[in-house]
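Read off the chains here:
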Amino acid sequence: MNKLSIPFISRLLFITFAVTRFATAEVSLEDGIKARLGELTKKELPGVAVLVARDGKVAFQGGFGMADVDRKTPVTVETKFRIGSVTKQFTAAAILKLAEEGKLSLTDPLKKFFPDFPGAGGITLHQLLTHTSGIHSYTSKPEFIGRVTKPIEPGKLIEWFQNDPLDFAPGAGFLYNNSAYFLTGELVAKVSGKSYAAFLAETFFEPLGMKNTGVYVNASPPAGMATGYSVTDKKAAAALDWDMSWAGGAGALYSTVGDMLRWSEALFGGKILKEASYKEMITPVKLAEGVDGMVYGCGLLLSEVRRLPAIGHGGGLNGWSSDLIYFPQQHCTIVALSNAMPGAPGFEPAGIARSIAEKFLAEDIKKLPPVKEDTTVDKKTYAGLAGRYDYKNAVMTVSVENDRVYAQLTGQPKNEIFPSGPDQFFWKVTDARVTFLRDAKGVVTAARHTQGGSTFKAPRLEEAAVKLTAAELDAVVGKYQYGPLGVLTVSRDGDSVFAQLTGQQKFPIFAKSALEFEWRVVKASVRFEKDKDGNVTKAHHTQNGSTFEAARMK
């Protein structure tokens with residue numbers, strides 16, 4: 001049976017326009033955080049540990065919610081979490097450390113270390129570290145979710161993805177890539193003569209006093225480890241438990257907020273790498289003209305929070321979500337680690353970290369010059385912007401009212417966007433910009449969205465040939481038994497229909513007819529079937545050339 005596979009570990013960005021703020025200026029940082037995150041504890045939901053520090057001194061740290069819901073074990077600052085793709089900066093730092101020792105070079109071809117890997121002669125280590133190699137990410141393979149709970153040998157995993165066609169020629173594109181980082185993790189072991197875990201421990205963790213950090217091994221979890229959950233309809237269930245042999249250098253580490261601060265202080269304080277190596281790590285890869293992607297160095301994403309420069313990375317896999325962000329000008333570190341993915345709405349670590357930053361660094365933000373609107377933009381051009389745009393995991397609806405432009409992401413409030421130039425707009429409620437793209441005839445065909453250090457193109461959606469009525473939309477709403485995969489919950493918000501598989505995120509599905517819908521984040525579709533009385537009784541899911549039946553639950 002094919003799996004509805006969504007690559008959790010590769011989900012780095014937190015795209016949102018509904019920013020949760022912790023408190024007004026009159027409320028202290030600590031009281032604001034406790035008031036907001038305390039809801040997790042009250043409702044006995046999976047939790048989050050947070051830490052805020054400036055100049056190496058902790059301004060606040062605390063735990064909220066449950067590390068183990070059944071045992072009612074609370075999250076504390078000592079609780080250990082799997083950190084997912086935050087691991088990538090450790091892998092990149094290890095490669096740069098080996099380069100300093102003359103054991104490799106970022107210009108070396110992959111073939112030098114993996115001679116049997118197809119096409120490895122044209123792929124450099126730098127391309128692996130910057131997601132520009134073109135190698136297909138194994139976490140995007142449809143079969144991945146069905147295999148990830150059982151242990152695998154590194155060589156077997158590499159064999160599983162090495163013959164997949166390239167997504168693009170090396171250096172010609174950008175695509176967030178776990179295969180590349182799994183390879184570099186194994187490369188650390190090949191070059192150093194030690195296991196990946198041992199090299200990180202001896203080179204970084206032990207010298208820095210990071211006693212609560214390491215490579216997670218399912219057969220022997222460390223003491224004080226949280227349990228991973230998925231939250232659906234405000235209820236927590238045990239998440240799909242990855243065997244972390246599948247993550248390796250792409251995301252296999254566990255840690256605590258305190259150890260993450262130790263790492264942040266050392267890395268960004270120049271104690272890990274030489275100046276030239278550190279500069280390499282935080283220098284964004286130069287993408288080919290017209291290529292969208294992230295402002296990404298080696299294992300680190302460069303972004304802005306309220307126009308303050310920031311460096312960091314997020315991570316996510318079933319049951320776990322994390323974020324580490326550092327503000328170099330303010331010497332400020334914010335860490336948020338959670339044992340839920342998906343979690344309760346509004347409690348995602350990336351959103352929490354940025355909301356804390358807005359409060360904690362409010363005085364620094366106030367000193368920035370205000371963003372100015374371009375009042376010379378011809379308002380007559382606004383009409384052509386109205387429409388719906390495909391944001392893959394949501395739909396952006398743009399409308400024009402009284403010479404003002406508004407944008408609304410599925411499930412979030414409608415916000416006005418303001419012109420910064422012809423066809424260029426920005427949000428005031430969050431750090432995001434959008435440029436509308438026109439064809440040779442001047443018709444808007446897409447929007448290019450920039451937020452959180454990432455830029456992507458969102459095609460304009462054509463109006464559906466079939467206009468579904470409220471009754472037709474309601475007919476498919478319900479729960480469908482997807483066998484061992486869990487339950488597919490179909491819901492609607494206005495004219496939009498969503499589908500959420502147990503333990504995964506909610507995504508829009510798009511109508512092809514009254515009973516046929518398709519996903520855009522993966523190549524998958526679902527056809528609903530009615531009985532003789534006109535009631536939907538089952539669904540037929542098709543993906544990767546195979547179809548299975550799912551009964552509607554009563």
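Since this is a predicted model, take the numbers as computed values, not measurements. (Residues numbered from 1 in each chain as written. Predicted model: local features only at pLDDT ≥ 70, side-chain atom pairs only at ≥ 80, totals over all residues. Heavy atoms only, no water.)

1. Quick notes on empty space enclosed by the protein
Formally: Using a 1 Å grid laid over the protein atoms alone, points where a 1.4 Å probe fits but cannot get out form a cavity; open sets with protein on both sides within 12 Å along at least 5 of 7 lines form a pocket; any residue with an atom within 4 Å of a point counts as lining. Grid points are joined across faces, edges and corners, and a volume is the space filled by probe spheres set on the points. Numbered from the N terminus, helices here are DSSP runs of H or I no shorter than four residues, and strands are runs of E no shorter than two. Residues are grouped as follows: nonpolar covers Ala, Val, Leu, Ile, Met, Phe, Trp, Tyr, Cys and Pro; charged covers Asp, Glu, Lys and Arg; every other residue, Gly included, is treated as polar.
Under the criterion given, the structure shown has two cavities of 30 Å³ or more. Along the walls of the second largest cavity sit Y389, Y391, M396, V398, A407, W427, V434, F436 and A447, which together make up its complete lining. Mapped onto the lining of the second largest cavity, the elements with two or more residues apiece are β15 (395-401) and β19 (432-438). Class assignment for the residues of the lining of the second largest cavity results in nine nonpolar, no polar and no charged.

2. A look at the packing of aromatic side chains
Convention followed: Side-chain rings of Phe, Tyr and Trp, where Trp is taken by its six-membered ring, are said to pair if the distance between their centres is within 6.5 Å; with planes under 30 degrees apart they count as stacked, over 60 as edge-to-face, and otherwise as tilted. With a 1.4 Å probe rolled over the protein chains alone, any residue whose accessible area is under 20% of its type maximum counts as buried; one over 50% counts as exposed, and the rest are partly exposed.
Going through the model one piece at a time under the given rule, you end up with 24 aromatic pairs. Here Y138 and F182 contribute two aromatic rings whose centre-to-centre distance is 6.0 Å and whose plane-to-plane angle is 80°, an arrangement assigned as edge-to-face. Remark: F182 occurs in helix α6 (residues 178-192) and Y138 occurs in the loop between α3 (125-129) and α4 (144-147); sequence separation between them is 44 residues. Overall, Y138 belongs to the buried group, its relative accessible area being 0%.

3. Let's talk about helix α5 (residues 154-161)
Heads up, the rule is: Working definition: the arc comes from the directions between the helix axis and the C-beta atoms, pointing outward to the latter. The criterion used for residue contact is that any of the two residues' heavy atoms lie within 4.5 Å.
For α5, the set of buried residues is L157, I158, W160 and F161. Looking straight down α5, one finds its buried side chains confined to an arc of 155°; they lie on one side. Buried residues in α5 make contact with α4 and α6.

4. Here's the deal with the pattern of salt bridges
Note the following rule: By convention in these notes, a salt bridge is any Lys or Arg side-chain nitrogen within 4 Å of a carboxyl oxygen on Asp or Glu.
Applying the stated criterion across every chain, the model contains 22 salt bridges. Between K366 and E363 there is a salt bridge, with the nearest N and O atoms lying 3.4 Å from each other. Linking K366 with E363, this pair stays in helix α11 (residues 362-366), spanning three residues, or about one helical turn. The exposed category is assigned to K366, whose relative accessible area is 59%. Through salt bridges with shared partners, a single network forms among E39, K42 and K43.

5. A closer look at unusual backbone geometry
Following M341, the chain continues into P342 via a peptide bond in cis, with omega recorded as -5°. Secondary-structure assignment places P342 in the loop between β13 (332-338) and α10 (349-360). Non-glycine residue E44 carries a positive phi angle of around 50°. In this structure, E44 sits in the loop between α1 (29-42) and β1 (48-54).

6. Some points on α1
Selection rule: Expected helix span is given by 1.5 Å per residue-to-residue step, counting one fewer step than there are residues. Bend at a residue means the angle formed by two fitted axes: the first through the 7 residues ending at that position, the second through the 7 residues beginning there.
In this model α1 runs 20 Å from its N-terminal to its C-terminal C-alpha over 14 residues, within 8% of the 20 Å that 1.5 Å per residue would give. R36 marks the point of greatest bend in α1, at about 35°. Turning to α1, its buried residues number three or more, namely L29, G32, I33, L37, G38 and L40. The elements touched by buried residues of α1 are β1, β2 (57-64) and α10. Directly beyond the C-terminal end of α1, a positive phi value near 50° is found at E44.

7. Here we look at the environment of G297
The residue G297 is located in the loop between α9 (275-282) and β10 (301-305) in this model. Here the alpha-carbon distance between G297 and E280, two residues 17 residues apart in the chain, equals 7.2 Å. Ignoring sequence-local partners within four residues, the contact set of G297 consists of L129, T130, M281, T283, P284 and L302.

8. Things to note about the pairing of strand β28 (residues 536-543)
The condition that has to hold: In this description, strands pair whenever DSSP reports at least two bridges between them.
Here strand β27 (residues 524-530) runs beside β28; their pairing, made up of seven bridges, is antiparallel. Each bridged residue has a counterpart across the sheet, and for E529 the counterpart in β28 is K538. As consecutive antiparallel partners, β27 and β28 are separated by five residues, and within that stretch G534 has a phi angle of approximately 85°, a positive value. Bridge count for β28 against strand β29 (residues 546-551) is six bridges, and the pairing is antiparallel. The residue bridging Q543 from the neighbouring strand is S546, located in β29.

9. Observations regarding the environment of Q424
Note on placement: Q424 falls in strand β18 (residues 424-427). As for Q424 and T435, which are separated by 11 residues in sequence, their C-alpha atoms are 4.5 Å apart.

10. Quick notes on the packing of α1 against α10
How we decide: In this analysis, axes come from line fits to C-alpha atoms, helices being fitted only over the stretch in contact, and the angle between any two N-to-C directions falls in the range 0 to 180 degrees. Between 65 and 115 degrees an angle is taken as roughly perpendicular, under 35 as roughly parallel, over 145 as roughly antiparallel, and anywhere else as oblique. Here a crossing is taken to be left-handed if its near helix is turned anticlockwise relative to the far helix by less than a right angle, and right-handed if that turn runs clockwise.
Across the interface, α1 lies against α10 with an axial gap of 10 Å and an inter-helix angle of 150°. Judged by the inter-axis angle, α1 sits roughly antiparallel to α10. Helix-helix and strand crossings are classified by hand; for α1 and α10 the assignment is right-handed. Of the residues in α10, those in contact with L29, I33 and L37 of α1 are I352, I356, K359 and F360. When the residues that make up the contact of α1 with α10 are grouped by side-chain class, the tally is six nonpolar, no polar and one charged.

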